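So you can see what is in the structure, the chains are spelled out below.
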Amino acid sequence: MGERQLAIGVLGAGGRMGRALVEAIAAAPDLALAGGVERPGHPACGAALPGGLVVAANAAPVAHRADVLVDFTTPEALAETLRAAGDAGCALVVGTTGLGPEHHAAIDAAAQTIAVLQAANTSLGVTLLSALVEMAASRLPDWDIEIAELHHGGKRDAPSGTALMLGEAAARGRGKQLQALRLRPHDGMSGPRVTGGIGFAALRGGTAAGDHDVWLLGTGERLRLAHVAEDRRIFATGALTAARWLAGRPAGRYRMSDILGFSAR
Ligand code: NAD
């Protein structure tokens, strides 16, 4: 007999990431789908899922069957997700982006009683990129930093959660909060750029799964650190790696870099 399969509940099961997760779980021998959840009224509610399940409109019963919930939905759905995971004592991976300070505070509160891993980007490459950006920003303290990202036209937030995460890594490298270094968009600016600040640019269109370019701009030279997501399946694979790692961990808040063993806080 093999080991017991880890039961994963997918929140946002009718979305781009949710569908990729359902597929990846079906293909993984060590994982079982505990259920899929969609926003009430979404056309996917009631649709068939592997294992004879149907997409539900309520996270609570799925949380009770799951070892880990994986959330790729919207920030508005987070409070209900945290409640369902907390009530069931179920671990949670939050991949949803566009989170504000109130969402982060709610995650911190939930992490008192359950294990929560929140990541604006669950890919291995971006997790490493973040550590490289932090190091580069700290070693090149006076260089300007620009972060450019490209995503499909359906993306709702800009700049992307990953771009902001990379900005935070750069700011951390300089011993500051991103807020203190973040520049207003250059579009429409009427004066010179603030030296040493961190600027953002967002491009939207087509089907791009996500490109991120971090430029460090010095005098007479520039360094460019870049990541290209060719397919959103990398985020599903990464989120499921996170779910496997998180299952059975004590309550607390975790990050992708904890999994890879190079947390640079
Ligand atoms: P999407 O719009 O295709 O899917 C989101 C789904 O969530 C939709 O089907 C929507 O109906 C559903 N939803 C909304 N409210 C819900 C609720 N209360 N309960 C259950 N389902 C609900 O978007 P997507 O491209 O799949 O991305 C989802 C989120 O994940 C976005 O915030 C995106 O930026 C983020 N994302 C993160 C990563 C990462 O690596 N962390 C990668 C890709 C996307």
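Residues numbered from 1 in each chain as written. Predicted model: local features only at pLDDT ≥ 70, side-chain atom pairs only at ≥ 80, totals over all residues. Heavy atoms only, no water.

1. Side note on the site of the ligand
Phase 1: Around the ligand lies a shell of 23 residues, among which Arg 16, Met 17, Glu 38, Thr 97 and Thr 122 are the nearest.
Phase 2: In this structure, an oxygen atom belonging to the ligand sits 2.8 Å away from a main-chain N or O atom of Thr 122.
Phase 3: In this structure, Lys 155 approaches the ligand through a side-chain N or O atom, which is 2.9 Å from an oxygen atom.
Phase 4: Relative to its free-state accessible area of 850 Å², the ligand is covered by the protein chains to the extent of 82%.
Phase 5: Grouping the amino acids of the shell around the ligand by side-chain chemistry returns 7 nonpolar, 11 polar and 5 charged. (Near = heavy atom within 4 Å. Polar contact = N/O pair within 3.5 Å; in protein donor to acceptor, adjacent residues only side chain to side chain. Areas by Shrake-Rupley, 256 points an atom, 1.4 Å probe, with all protein chains shown as cover. Nonpolar A, V, L, I, M, F, W, Y, C, P; charged D, E, K, R; others polar.)

2. Observations concerning the environment of Leu 217
Phase 1: Inspection of the secondary structure puts Leu 217 in strand β10 (residues 211-217).
Phase 2: Spatially, the C-alpha atoms of Leu 217 and Ile 145 are 6.2 Å apart, while their sequence positions differ by 72 residues.
Phase 3: If we ignore the near neighbours within four places in the chain, the residues touching Leu 217 are Trp 143, Asp 144, Glu 146 and Arg 222. (Helix = DSSP H or I, 4+ residues; strand = E, 2+ residues; numbered from the N terminus. Contact = heavy atoms within 4.5 Å.)

3. Thoughts on the domain arrangement of the chain
Phase 1: Domain annotation of the chain identifies domain 1 (6-122 + 232-259) and domain 2 (124-228).
Phase 2: If you average the C-alpha positions of domain 1 and of domain 2, the two centres end up 28 Å apart.
Phase 3: In this complex, domain 1 contributes 14 residues to the contact, which on the side of domain 2 involves 14 residues.
Phase 4: When the two sides are added together, the surface that domain 1 and domain 2 hide from each other amounts to roughly 1,000 Å², 48% of it contributed by carbon and sulfur.
Phase 5: Along the contact surface separating domain 1 from domain 2 lie 1 salt bridge.
Phase 6: One salt bridge connects Arg 156 with Glu 76, and the closest N-O pair in it is separated by 3.4 Å.
Phase 7: Joining domain 1 to domain 2, the criterion identifies 5 residue pairs in polar contact (both at pLDDT 80 or more).
Phase 8: Among the secondary structure elements, those contributing two or more residues to the side of domain 1 that touches domain 2 are α8 (233-246) and α9 (256-260).
Phase 9: For the side of domain 1 that touches domain 2, a count of residues per class yields 4 nonpolar, 6 polar and 4 charged. (Domains from an automatic or database assignment. Buried area = accessible area lost by both parts, 1.4 Å probe. Salt bridge = Lys/Arg side-chain N within 4 Å of Asp/Glu carboxyl O.)

4. A word on the packing of aromatic side chains
Phase 1: What the rule picks out here adds up to 1 aromatic pair.
Phase 2: Ring geometry for Trp 245 against Tyr 254: centres 5.2 Å apart, planes inclined by 80°, an arrangement best described as edge-to-face. Of the two residues, Trp 245 and Tyr 254, neither departs from the other in class, the shared state being buried.
Phase 3: The side chain of Arg 182 reaches across the aromatic face of Phe 200, ending 5.1 Å from its centre.
Phase 4: The ring centre of Trp 245 lies 3.8 Å from the NZ or CZ of Arg 249, which sits over that ring. (Phe/Tyr/Trp six-rings, centres within 6.5 Å; stacked < 30°, edge-to-face > 60°. Buried < 20%, exposed > 50% of the residue type's maximum accessible area, 1.4 Å probe, protein only. Lys NZ or Arg CZ within 6 Å of the ring centre and 35° of its normal.)

5. Comments concerning the nonpolar core
Phase 1: In this structure, Ile 8, Leu 21, Val 70, Val 93, Leu 117 and Leu 246 are the most contacted members of the largest nonpolar core, which totals 35 residues.
Phase 2: For this core, the secondary structure elements donating two or more residues are β1 (6-11), α1 (16-27), β2 (31-37), β5 (68-71), β6 (91-94), β7 (115-118), α8 and α9.
Phase 3: Broken down by element, this core gets its largest block of residues, 8 residues, from α8.
Phase 4: Excluding residues within four positions of it along the chain, Leu 246 makes contact with Ala 91, Leu 92, Val 93, Ala 115, Val 116, Leu 117 and Tyr 254.
Phase 5: Within the second largest apolar cluster, 22 residues are counted, among which are Val 62, Ala 63, Ala 111 and Val 116. (Core = buried A, V, L, I, M, F, W, Y, C linked by side-chain atoms within 4.5 Å.)

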